[in-house]
Each structure stands twice: as structure tokens, then as C-alpha cells.
Amino acid sequence: DKYGYIGATPFVFNTTLRDNITYGNRSEVDDKLILNYLEELEMFKEKDSYDLNRIIDNNELSSGQMQKMAFVRSLLAKPEILLLDEAMANLDDESKKKILEILKKQNITLINSTHDPDRFENVDSIYKIDLIEEVKIINKII
């Protein structure tokens, strides 16, 4: 319960939008909170797409929408440590900015694996991992 994970291709199931967002969450989640996050991240363009009882699947959502959904899922679970693995690779710049603003307000430790470390500010450490002849070389940058 203390860890959250968001990858480049989040899990999306053929079920309601609500069930997809609350997947793995053991506590009761208020629909208003779900909708606030979805609207803040501009998950959908059409107002009726925010119906939490609507059935969705991974063929209906773009990769960026799936990543936004995964962020909402993680934020609702309130992990202490959030592991990001190219979790913003499919997001536009405005969405990345909004997510980083939301994460900045959380009392959470982020561990972010990315090919684009320059996009992230206020980090405590950056490690670069190089693979040279099947050997991983880890260098601390900051």
C-alpha cells in the first residue's frame, strides 16, 4: 500500500471508468475527487465522457489518456513512494506540467526512470545508467 507504479503503458480493463481508476485502491474514493483530478488533467474533450459509469477499454483511450488515468489512480491511492517508468512519455507538455504541479503538492517520494531528466526540476539526485558491453555503469550526476 505504500508504493505506487506508473509505466509507459498503464493497465486498462474493459470495465467502467470508475473501476479502472479505483483499481487496486482499498479505500473508499469519492466520485467528486476522481472527477476533479480528471477535469484538472483535461482527460476528455467531451463533457459526457466524464461519466464514471461509462465502459472503457484500452482501445478507446489514447496512450496519453491511459497515462493520465494511471496518475489519477496513483494519486487516489496516496502512496508514500511513487515509481515512474517513462510515465510521461506519451503526454503533451501542458499535461506534463499539470502533473508535475500536482505531484509537487503531494507528500510523496518520487523515483523516476526517464530518458528526459532535464524536464524535471527540484530533484535531490540524478543517476545516469550506461550499459557498456553488458555491464551497467551507474554515475551520480547530482
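Residues numbered from 1 in each chain as written. Predicted model: local features only at pLDDT ≥ 70, side-chain atom pairs only at ≥ 80, totals over all residues. Heavy atoms only, no water.

## Here we look at the packing of helix α3 (residues 63-77) against helix α4 (residues 93-104)
Moving on, step 1. At their nearest, the axes of α3 and α4 sit 12 Å apart, and the two run at 5 degrees to each other. If you check the angle between α3 and α4, you find them roughly parallel. On the side of α3, the interface is formed by Lys-68, Phe-71 and Leu-75, while α4 contributes Ser-95, Ile-99, Ile-102 and Leu-103.
Moving on, step 2. Here the contact of α3 with α4 is composed, by residue class, of five nonpolar, one polar and one charged. (Axes fitted to C-alpha atoms, helices over the stretch in contact; angles between N-to-C directions. Helix = DSSP H or I, 4+ residues; strand = E, 2+ residues; numbered from the N terminus. Parallel < 35°, antiparallel > 145°, perpendicular 65-115°, else oblique. Contact = heavy atoms within 4.5 Å. Nonpolar A, V, L, I, M, F, W, Y, C, P; charged D, E, K, R; others polar.)

## Remarks on α4
Moving on, step 1. For α4, which comprises twelve residues, the first-to-last C-alpha distance of 16 Å matches the rise-based estimate of 16 Å (1.5 Å per residue) to within 8%.
Moving on, step 2. Among all positions in α4, only Ser-95, Lys-96, Lys-98, Ile-99, Ile-102 and Leu-103 are buried. Down the axis of α4, the buried set is contained in an arc of 165 degrees. They therefore lie on one face. Facing away from the buried surface of α4 by more than 90 degrees, the exposed residues are Asp-93 and Lys-104.
Moving on, step 3. In this structure, the buried residues of α4 make contact with α2 (31-40), α3, β4 (81-85) and β5 (109-113).
Moving on, step 4. With a side-chain oxygen positioned 3.1 Å from the backbone nitrogen of Glu-94, the residue opening α4 is Asp-92. (Expected span 1.5 Å × (residues − 1). Buried < 20%, exposed > 50% of the residue type's maximum accessible area, 1.4 Å probe, protein only. Arc of directions from axis to C-beta. Polar contact = N/O pair within 3.5 Å; in protein donor to acceptor, adjacent residues only side chain to side chain.)

## Details of the layout of surface pockets
Moving on, step 1. What the largest pocket holds in volume is close to 1,300 Å³.
Moving on, step 2. Surrounding the largest pocket, 32 residues form its lining, Leu-110, Asn-112, Phe-120, Val-123 and Ser-125 being those nearest its centre.
Moving on, step 3. Put simply, the parts of the chain that give the lining of the largest pocket at least two residues each are β4, α4, β5 and β6 (127-132).
Moving on, step 4. Looking at the lining of the largest pocket, the element that brings in the most residues is α4, giving seven residues.
Moving on, step 5. Residue composition of the lining of the largest pocket, by class: 14 nonpolar, seven polar and eleven charged.
Moving on, step 6. Of all the secondary-structure elements, those providing two or more residues to the lining of the second largest pocket are β1 (3-6) and α3.
Moving on, step 7. Grouping the constituent residues of the lining of the second largest pocket by class yields ten nonpolar, seven polar and three charged. (1 Å grid on protein atoms, 1.4 Å probe; cavity = no way out; pocket = protein on both sides within 12 Å on 5 of 7 lines; lining within 4 Å. Points joined across faces, edges and corners; volume = space filled by probe spheres on them.)

## Concerning the packing of α2 against α3
Moving on, step 1. At a closest axis distance of 10 Å, the pairing of α2 and α3 adopts a crossing angle of 140 degrees. Judged on the interaxial angle alone, α3 and α2 are oblique. In the crossing of α2 with α3, the sense of the turn from one axis to the other is right-handed. Contacts from Leu-33, Ile-34, Tyr-37 and Leu-38 in α2 reach Val-72, Leu-75 and Leu-76 in α3.
Moving on, step 2. Here the residues of the contact of α2 with α3 sort into seven nonpolar, no polar and no charged. (Left-handed = near helix turned anticlockwise from the far one by under 90°.)

## Points about the environment of Val-72
Moving on, step 1. Within the secondary structure, Val-72 sits in helix α3.
Moving on, step 2. Relative accessible area serves as the criterion here: at 0%, Val-72 is assigned to the buried category.
Moving on, step 3. Here the alpha-carbon distance between Val-72 and Leu-41, two residues 31 residues apart in the chain, equals 8.9 Å.
Moving on, step 4. Those residues in contact with Val-72 that lie beyond four places of it in its chain are Ile-21, Tyr-37, Leu-38 and Leu-41.

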